[in-house]
Amino acid sequence: MTRTGYLPRKLLFALVTLGIVITFNFVLFRVLPGDPVKMLFRNPRLTQEAQERIRVQFGLDKPMFLDTEALLNGDLGAAFDSQFTAYLRNLAQGNLGVSFANRQDVGELLRERVWRTVLLVFSGELLAIFLGMAVGLLAAWKRGTRIDAAALILGLLAWALPTFFLGIILLLLARGVLPAGGMVTPGYAQPGTLAYWLDVAKHLILPATTLAIVNASGYMLIMRSSTVEILAEDYILTAKAKGLSNLRILRDHALKNAMLPMVTLIALTLGYTVGGAIQVETVFSWPGIGRLVYDSVAKQDYPVLQGAFLLLAVSVILANLLADILYSALDPRVRLG
Amino acid sequence: MNYLRQFARKPMGMIGAAMLLVVVAAAIFAPLIAPYDPYARVRAAPDQILAPPSPQHILGTDDAGKDVFSQLLYGARVSLLVGFTASLVSMVIGSAVGLVAGYYGGKVDTVLMRVVDFLLVIPYLPLVLVIIAVWGRGLWKIIFVIAILGWTFTARLVRAQTLSVKQRQYILRARAIGASNPRIILRHVLPQVMPLIVAQTVLDISATILAEASLSFLGLGDPTLVSWGNMLNFAFERAISRQAWWFLLPPGFAILWVSLALILIGTSLEEIVNPRIRSHHLFDARRMVALVLPVPPRPVNPPEPVKEDA
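One structure accompanies this document, and this report is about it. (Residues numbered from 1 in each chain as written. Chains lettered and ligands numbered in written order. Predicted model: local features only at pLDDT ≥ 70, side-chain atom pairs only at ≥ 80, totals over all residues. Heavy atoms only, no water.)

Thoughts on the environment of Leu91(A)
Residue placement: Leu91(A) occurs in helix α6 (residues 83-92). As for Leu91(A) and Ile22(A), which are separated by 69 residues in sequence, their C-alpha atoms are 9.3 Å apart. (Helix = DSSP H or I, 4+ residues; strand = E, 2+ residues; numbered from the N terminus.)

Following this line, the structure appears as structure tokens:
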């Protein structure tokens, strides 16, 4: 075992992961069949000259990773002058290319939309954590009763439901009561006003609830099983012997210890939550990154897909790093181990 | 055999098995049951477009005038094919990785587990989505991508179990009499881990079916096939505004049905092979006795108990 500290190890892992994702993203969209210039610009009227200019601008005249000939000649500067380094340079400058569909800068397109997805995922996740922990704790405490059975059956049902289908069902059920899609009622209020944000909140209810129900099922089942195990520990018996009330035991002894597996699980399922967000945004036309991905798939808008995937992957990697840091703060044992 | 008998005593598991049987029957006998061929070209009269359920079309018709019920039956084939094939491949990869990592330990273990950690932090659906978007839509491509990315949970589970199994006496003895490592893994460790692998794989099939359905719903399903995800994609794009619930709801409930069936079977199997604690201290004494009392009769040939928590 290496004796590196816990956090440096996690940081290194995150960095390596980032590196692999960036490289993968580069390679994946370069193995597209056909000429990249024609694929990237999809303009049949492009002159030979213009094509050549684009080729130079994007470094497509250069080798993909490494100029081995230059490397053997000892010319290091030329050896690393490749498509990959050009891609990295562009990435560092926030240049993610241009959308096929509307010629918009991909970075700008993503920036404009990212907070909407953050808003959706954040509120859905918060609701899911609260719901999952509360119901899971209750089910574990009342284990074997009707409450437990009901919670279990609902949990399994939500687990088995495809996210997008739950969205469609809620959409049909709430028809006429809540807005069916979008983020705002067009022309209803000026952005930034209170009325505007209330309108956004009204549009957020259905998508956030959909995301919450699907995620809560997993949290509930894990919360229930870890609480059941904790409640069988001797220190719970000791607490009961001391005469503490059940509620107090649950709050001070069970909940605290059940928090640790929850933090791990939330971090671990974040990647799935992002996948859920794509489906939910698609169903409810929520104009975030997920809906953008859906529209770009239909239009085969590769630069946008590439940028969106990179953004999603990087966010999840960073969120996981954050969870690791949080975990070491919650549980002093991992810092030593 | 003992496991099978224990499974027969799990009501949830039996319900799940019955539900799965219905889907399997639908998939196998689709050509016999289906009143229409969903792959045939139809020239539909205008009143046959998105027609509500009627005696001729018990679940109505879709936007091309095709019978929804027939599509539903044929869709079962795609879901089951993707679910079982991709999960079996994942199972083999995951078991191999888990066994090797757990048994050999050391550097091999570290490297393999870093790969697992890596796959776990990459958002799954977006990754599958971009690969299929770039590579092209097709049934076997979808199966391949899902299989090659879906083995991480199995690997972690198998590794944890292998770690505990390899400490047991008979493994140490087998090594002492000179059995080779591959032989020990295949003959002595694998049989002990197998029940857990099976339970996990059943749950994986459900996850795989959901993944394929989500992918198809997002417009990346195999365009030449009638699948539940494709139906939902069409229905969502073209029928939701016209309130054609008969086109929208059946494929969704079909997916829910088969995935719930597999989850019920999988969790029941999990309970059998990975028995958890049966009581806890916040119950009052009366109920605790009631819970503990019905001790299952011990089988004549008790299997090696698998107690360690994964």
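And the narrative resumes.
What to know about the interface of chain A and chain B
Across the boundary between the two partners, chain A contributes 61 residues, which contact 54 residues of chain B. Note on chain A versus chain B: buried area summed over both sides is about 5,000 Å², and carbon and sulfur give 80% of it. Across the chain A-chain B interface, the total number found is 0 salt bridges. At the junction of chain A with chain B, the criterion picks out 4 residue pairs in polar contact (both at pLDDT 80 or more). No other element matches helix α12 (residues 246-284) of chain A, which puts 12 residues into the side of chain A that touches chain B. (Contact = heavy atoms within 4.5 Å. Buried area = accessible area lost by both parts, 1.4 Å probe. Salt bridge = Lys/Arg side-chain N within 4 Å of Asp/Glu carboxyl O. Polar contact = N/O pair within 3.5 Å; in protein donor to acceptor, adjacent residues only side chain to side chain.)

Comments concerning the environment of Pro123(B)
Position of Pro123(B) among the secondary structure elements: in the loop between α5 (106-121) and α6 (124-135). Between the C-alpha atom of Pro123(B) and that of Leu163(B), which follows or precedes it by 40 residues, the distance is 28 Å. Discounting residues that sit within four places of it in the chain, Pro123(B) has contacts with Gly271(A), Val274(A), Leu312(A), Ala313(A) and Val316(A).

Examining the nonpolar core
Grouped together as the largest cluster of nonpolar side chains are 142 residues, with contacts concentrated most on Phe164(A), Leu305(A), Leu129(B), Trp228(B) and Phe247(B). Of all the elements, helix α12 (residues 245-273) of chain B adds the most residues to this core, at 17 residues. Discounting residues that sit within four places of it in the chain, Phe247(B) has contacts with Leu50(B), Asp62(B), Asp63(B), Val68(B), Met231(B), Phe234(B), Ala235(B) and Ala239(B). Membership of the second largest hydrophobic core comes to 19 residues, among which are Trp141(A), Ala212(A), Leu250(A) and Leu265(A). (Core = buried A, V, L, I, M, F, W, Y, C linked by side-chain atoms within 4.5 Å. Buried < 20%, exposed > 50% of the residue type's maximum accessible area, 1.4 Å probe, protein only.)

Quick word on the packing of aromatic side chains
As enumerated under the stated definition, the model contains 14 aromatic pairs over all chains in all. Note on Phe165(A) and Phe253(B): the rings are 5.2 Å apart at their centroids and 85 degrees apart in plane angle, and the pair reads as edge-to-face. Linking Phe165(A) in helix α9 (residues 163-173) with Phe253(B) in helix α12, this pair reaches from one chain into another. Classification of Phe165(A) as buried rests on a relative accessible area of 0%. Residue classification places Phe253(B) among the partly exposed residues on the basis of a relative accessible area of 42%. Among the aromatic residues, those joined into a ring-pair cluster are Phe26(A), Phe84(A) and Tyr87(A). Cation over ring: Lys142(A) sits above Trp141(A), and NZ or CZ is 4.2 Å from the ring centre. (Phe/Tyr/Trp six-rings, centres within 6.5 Å; stacked < 30°, edge-to-face > 60°. Lys NZ or Arg CZ within 6 Å of the ring centre and 35° of its normal.)

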